[in-house]
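What the coordinates show
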Amino acid sequence: MSEALRVGIAGLGTVGASVVRLVTERAAELTRQCGRPISIVAVAARDRSRDRGISLDGMEWFDDPVALAKSKDIDVFVELIGGNEGPAREAVKAALDAGHHVVTANKALLAKHGLALADAAEKRGVLLNYEAAVAGGIPVIKTMRESLAGNTVLRVFGILNGTCNYILTRMEAEGISFEDCLADAQRLGYAEADPTFDIEGNDTAHKLAILTSLAFGTKIAADDIYMEGISNITQADIRAASELGYRIKLLGVAQKTETGIEQRVHPTMVPTASVIAQVHGVTNAVAIETDILGELLLSGPGAGGNATASAVIGDIADIAKSRPGFQHGPVFGRPAKELAPCKKAKMRAHAGGYFIRLTVYDRTGVFAGLARRMADNDISLESIVQHSDRDTGSDRKTVILVTHETTEAAVRKAIDGVTKDGHLVDTPQVIRIERAG
Ligand code: HSE
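These numbers were taken from a predicted model, which means no experiment stands behind them.

What follows deals with the layout of surface pockets. Roughly 1,400 Å³ of internal volume is contained in the largest pocket. In terms of lining residues, the largest pocket is bounded by 49 residues, among which L80, I81, G82, E192 and A193 are the most central. Among the elements of the structure, α1 (14-25), α5 (107-124), α7 (162-174), α9 (196-199) and α10 (202-216) are those that each provide at least two residues to the lining of the largest pocket. Counted by class, the lining of the largest pocket contains 18 nonpolar, 18 polar and 13 charged residues. Each of two domains, domain 1 (5-137 + 305-338) and domain 2 (141-301), supplies a minimum of three residues to the lining of the largest pocket.

Burial in helix α11 (residues 235-243) covers these residues: A236, D237, I238, A240 and A241. Each element contacted by the buried residues of α11 is listed here: α7, β9 (246-257), β10 (260-271), β13 (351-361), β15 (396-403) and β17 (429-433). Once α11 ends, the next one or two residues include G245, with phi positive near 90°.

Here the focus is helix α13 (residues 366-376). Residues V366, G369, L370 and M374 constitute the buried set of α13. Take α13 and look down its axis: the buried residues cluster within an arc of 135°, on one side only. Opposite the packed face of α13, turned more than 90 degrees from it, sit the exposed residues R372 and D376. In this structure, the buried side of α13 is in contact with β13, β14 (381-387), β15 and α14 (408-420). In the stretch just after α13, D378 is the one whose phi turns positive, near 60°.

A separate point is the pattern of salt bridges. This structure, assessed with the given rule, holds 28 salt bridges. Here D318 makes a salt bridge to K142, at a shortest N to O gap of 2.8 Å. Note that D318 is positioned in helix α12 (residues 305-321) and K142 in helix α6 (residues 140-147), a separation of 176 residues in sequence. Owing to a relative accessible area of 23%, D318 belongs among the partly exposed residues under this scheme. A residue is classified by how much of its surface remains accessible, and K142, at 28% relative accessible area, is partly exposed. The network of salt bridges with common partners includes R155, E262, R264, E289, E434 and R435.

Further remarks concern the site of the ligand. The local shell around the ligand consists of K107, N161, G162, T163, Y190, A191, E192, D198, D203, K207, G302 and A303. Between the ligand and K107, the relevant distance is 2.6 Å, taken from an oxygen atom to a side-chain nitrogen or oxygen of the residue. Side-chain polar atom of E192 to a nitrogen atom of the ligand: 2.6 Å apart, as the coordinates give it. Burial of the ligand by the surrounding chains reaches 93%, relative to a free accessible area of 260 Å². Taking a 2 Å distance to the grid points as the criterion, the majority of the atoms of the ligand fall inside the largest pocket. Taken together, the elements giving at least two residues each to the shell around the ligand come down to α7 and α10.

With that out of the way, let us pick up the domain arrangement of the chain. Along its sequence, the chain is organised into domain 1 (5-137 + 305-338), domain 2 (141-301) and domain 3 (347-433). One C-alpha centre belongs to domain 2, the other to domain 3; they are set 25 Å apart. For the interface between domain 2 and domain 3, the tally reads two salt bridges. With its nearest N and O atoms 3.2 Å apart, the salt bridge here joins R432 to E228. Counting the contacts that link domain 2 with domain 3 gives nine residue pairs in polar contact (both at pLDDT 80 or more). Taken together, the elements giving at least two residues each to the side of domain 2 that touches domain 3 come down to α11, β9 and β10.

Analysis parameters
- Residues numbered from 1 in each chain as written.
- Predicted model: local features only at pLDDT ≥ 70, side-chain atom pairs only at ≥ 80, totals over all residues.
- Heavy atoms only, no water.
- 1 Å grid on protein atoms, 1.4 Å probe; cavity = no way out; pocket = protein on both sides within 12 Å on 5 of 7 lines; lining within 4 Å.
- Points joined across faces, edges and corners; volume = space filled by probe spheres on them.
- Helix = DSSP H or I, 4+ residues; strand = E, 2+ residues; numbered from the N terminus.
- Nonpolar A, V, L, I, M, F, W, Y, C, P; charged D, E, K, R; others polar.
- Domains from an automatic or database assignment.
- Buried < 20%, exposed > 50% of the residue type's maximum accessible area, 1.4 Å probe, protein only.
- Contact = heavy atoms within 4.5 Å.
- Arc of directions from axis to C-beta.
- Salt bridge = Lys/Arg side-chain N within 4 Å of Asp/Glu carboxyl O.
- Near = heavy atom within 4 Å.
- Polar contact = N/O pair within 3.5 Å; in protein donor to acceptor, adjacent residues only side chain to side chain.
- Areas by Shrake-Rupley, 256 points an atom, 1.4 Å probe, with all protein chains shown as cover.
- Sits in = over half its atoms within 2 Å of the grid points.

Here it is as structure tokens:
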């Protein structure tokens, strides 16, 4: 039997505690699968006395994650601290500099410093594995980095945030308020420490930035992502979407366009009959369209202790199975030095269909005025629905427009025009429609 792989884990929150428990409980099976034992020899966390429901017997305790990262007694450093700066960044850098393999679930860190860290890992010849950083337990990194070799990716999109999907699903199915759904997602351990990262789209953007780099061989460009969250989605939008044959999902989408690479995160209408519309609750899904394969859809648990721990353990097992001299693939699928700049596509050039919900004053000429503004901007309408005062009050009406394919620029100009005409009672709601199979 080969020597044990010695693992140090920094961060014993929901995910860290699950990793410790599962690796301990499944030690014999992991040994059979990897050909050597995996031994958690050390841990680092802030509070030593906290009861986490796991045994830390035989594991060295570190108060300082950077000290653990530098320890000569580990082979792998597992970073489960979170955050794109501070202890997480310092510890990962220190571990790579010390020649240790690193496993991390930290999407924010990779979105900001992934390129530099990948370069450091590749120079040292160590692995930087991060399956758990994107879409929880779904093996999307491995799929994109290994299984799709030779494919040209055309578009990658998905439901990448379990908290948002959980909220939207329950708002639709049970009519529960946004706030109550969010509180439940926090209680269940899905949400980030700061849940605005979930609901305003940052978490999805971090994950999308990583997928974009893998998909298109480009440098990570998280700052180029267009981002809107779900906090202004109302029951009125959800009901209107359903009446028109759509469901609202927070999607991250990256695609090659004529003007560059489009990266966007926003609430999106997907056809109710599409496969991605059937992805409910905390489940995530990633669709990858390639020239050879067509569309591949992976779905599975996207957040929570066990789902994320499953991906972390898979990454540790890969390291346990690797051998000295074995050439590991580059961190982002191509050598970090060869990743191309990510040329940003202009959001105003985005082409697609749009759902527009307007609350207007109920008076003569409003409908005609709306239609004129659309026509003036070459926007062709697929449907136009006027509701009586169900949601609004007697002197106002809800008008819902669904456009055929048009551009973001045209829609913004049309909405500006309608606003100037003085017909609107409040801020228009505009939701992009995504083609999905
Ligand atoms: N807060 C994240 C989510 C956790 O809800 O998906 C997994 O990254």
